[in-house]
Amino acid sequence: QQYGFMMIYGRKDSALPWAKTIDKVAIYMATLYPLIYWHTHLPKHFDWFVEHDFIAVQIPVLHGVGLAVYACALMAYAIKEIRSFLQNKTINIPKNLLIIGTAISWFVGIVTFNNDLAFTATNVIAHGIPYITLIWIYGRNRGERSPTLEFFRGLSFKRFFTPMMIPLFIGTLVLLGYTEEGLWDGLIWTEHKHFFHLFQTLPAVNDKALISWLIPLLALPQMTHYVLDAYIWRMNWPNTEWKKILFYQSQENAPVIHSSVERAR
């Protein structure tokens, strides 16, 4: 996902192969180094999904090499961006914020703190906010292209995806997310009763046959998003409908988008 967003934000940057390679190594190491640290510093006070799902790797040199590559990747990226700014007098703000934010959130959540709340908060925020933004822009542009197209019965895309409706948009996503996690906790985990109090009246599921059906259903949103991640970032596929909508510019908003892109570049 992070690689995909970086490709979107950096699509108008320098096409030089070495510059693109530095970008790729930087975004990958921003996520890979914390995972290397995790594997080489077990046990921790939290897990990715379930207890003992990470294998302990007692190879100190692996962590040392990973840290060195990580530091060199970030240094090379910083030098490249400074050189680009000195030459072109512009800076790609979205791409830089993405890479810096990814590096900070993964490092803080995994390396700095040994706490499940810190890990979950930094990981979910960094993972979710770009998607929320992407969905909102997609919906707004779809409304611009098709003003009468309905998002919900009696509510058009053009009317829903407006700045005034952002609180409702965010609130809907929060409600859906809270309901999903509440069902997980009420039916399966029962670990955070104080936070998901409304779902504690649900019966705990202990029957293995029922659990074997229930867990795949609860995991369906995650599995769907993993499948979408494999295809949605194929920016080199020409003339895909979602790309036309995402980068659509109406006569009304074209000057604003154009100027913001130029400033970001």
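Look above for the structure.
The text that follows walks through the structure, step by step, so that each part is easy to find. Since we're looking at a predicted model, the values are computed, not measured. Within any chain, residue numbers begin from 1 and follow the written order of that chain's sequence. Where totals are concerned, whole chains, interfaces and linings use all residues; where local detail is concerned, this predicted model gives features only for residues with pLDDT of at least 70, and gives and counts side-chain atom pairs only at 80 or more. The basis for every side-chain value is the complete set of heavy atoms in the structure, and neither hydrogens nor water enter the calculation.

## Description of the nonpolar core
In terms of nonpolar packing, the biggest core is built from 13 residues, with M6, Y77, I99, L134 and L246 touching the most fellow members. Only DSSP runs of H or I with at least four residues qualify as helices, and only runs of E with at least two residues qualify as strands; both kinds are numbered from the N terminus onward. Of all the elements in the fold, those that place two or more residues in this core are helix 1 (2–9), helix 2 (17–40), helix 4 (93–112), helix 5 (116–145) and helix 10 (241–246). With sequence-adjacent residues up to four places away left out, M6 is seen in contact with D23, K24, I27, K95, L98 and I99. Take the buried residues of types Ala, Val, Leu, Ile, Met, Phe, Trp, Tyr and Cys, join any two whose side-chain atoms come within 4.5 Å, and each joined set is a nonpolar core. Only protein chains enter the accessibility calculation, which uses a 1.4 Å probe; a residue is then buried when its area is under 20% of its type maximum, exposed when over 50%, and partly exposed in between. Residues M29, Y33, Y70 and A73 belong to the second largest nonpolar core, which totals eight residues. Here, two residues are considered to be in contact whenever any of their heavy atoms come within 4.5 Å of each other.

## Re helix 5
In a helix, the anticipated span is given by 1.5 Å times the number of residues less one. Taking 1.5 Å per residue, 30 residues should reach 44 Å; helix 5 reaches 43 Å between its end C-alpha atoms and fits that length. Contacts described as polar in this section are N or O atom pairs within 3.5 Å, which, within protein, must combine one atom able to donate a hydrogen with one able to accept it, while residues neighboring in sequence count only if both atoms come from side chains. The distance from a side-chain oxygen at the start of helix 5 to the backbone nitrogen of L117 is 2.8 Å, and the residue carrying that oxygen is N115.

## So, the packing of helix 7 (residues 166–189) against helix 8 (residues 208–218)
As a rule, the C-alpha atoms of each element are fitted with a line to give its axis, helices using only the stretch in contact, and angles between N-to-C directions run from 0 to 180 degrees. Running from N to C, helix 7 and helix 8 cross one another at 160 degrees; their axes reach a closest spacing of 11 Å. Here helix 8 runs roughly antiparallel to helix 7, going by the angle between their axes. The two elements helix 7 and helix 8 meet at a crossing, and its hand is left-handed. Contacts between helix 7 and helix 8 involve E180, L183, W184, L187 and I188 from the first element and L214, I215 and L218 from the second. We call Asp, Glu, Lys and Arg charged. Ala, Val, Leu, Ile, Met, Phe, Trp, Tyr, Cys and Pro are nonpolar, and the rest, Gly among them, are polar. Looking at the contact of helix 7 with helix 8, its residues break down into seven nonpolar, no polar and one charged. Roughly parallel means an angle under 35 degrees; roughly antiparallel, over 145; roughly perpendicular, 65 to 115; everything else is oblique. If you view the pair so one helix is near and one far, a crossing is left-handed when the near helix is turned anticlockwise from the far one by less than a right angle, and right-handed when it is turned clockwise.

## Brief notes about the packing of helix 2 against helix 3 (residues 60–88)
The contact between helix 2 and helix 3 brings their axes to 8 Å, and the two run at 150 degrees. One finds that helix 2 runs roughly antiparallel with respect to helix 3. As helix 2 runs across helix 3, the sense of the crossing is left-handed. Residues W18, A19, I22, D23, V25, A26, M29, A30, Y33, I36, Y37 and T40 of helix 2 lie in contact with helix 3, whose contacting residues are L62, H63, G66, L67, V69, Y70, A73, A76, Y77, K80, E81 and R83. For the contact of helix 2 with helix 3, the class distribution of residues is 17 nonpolar, three polar and four charged.

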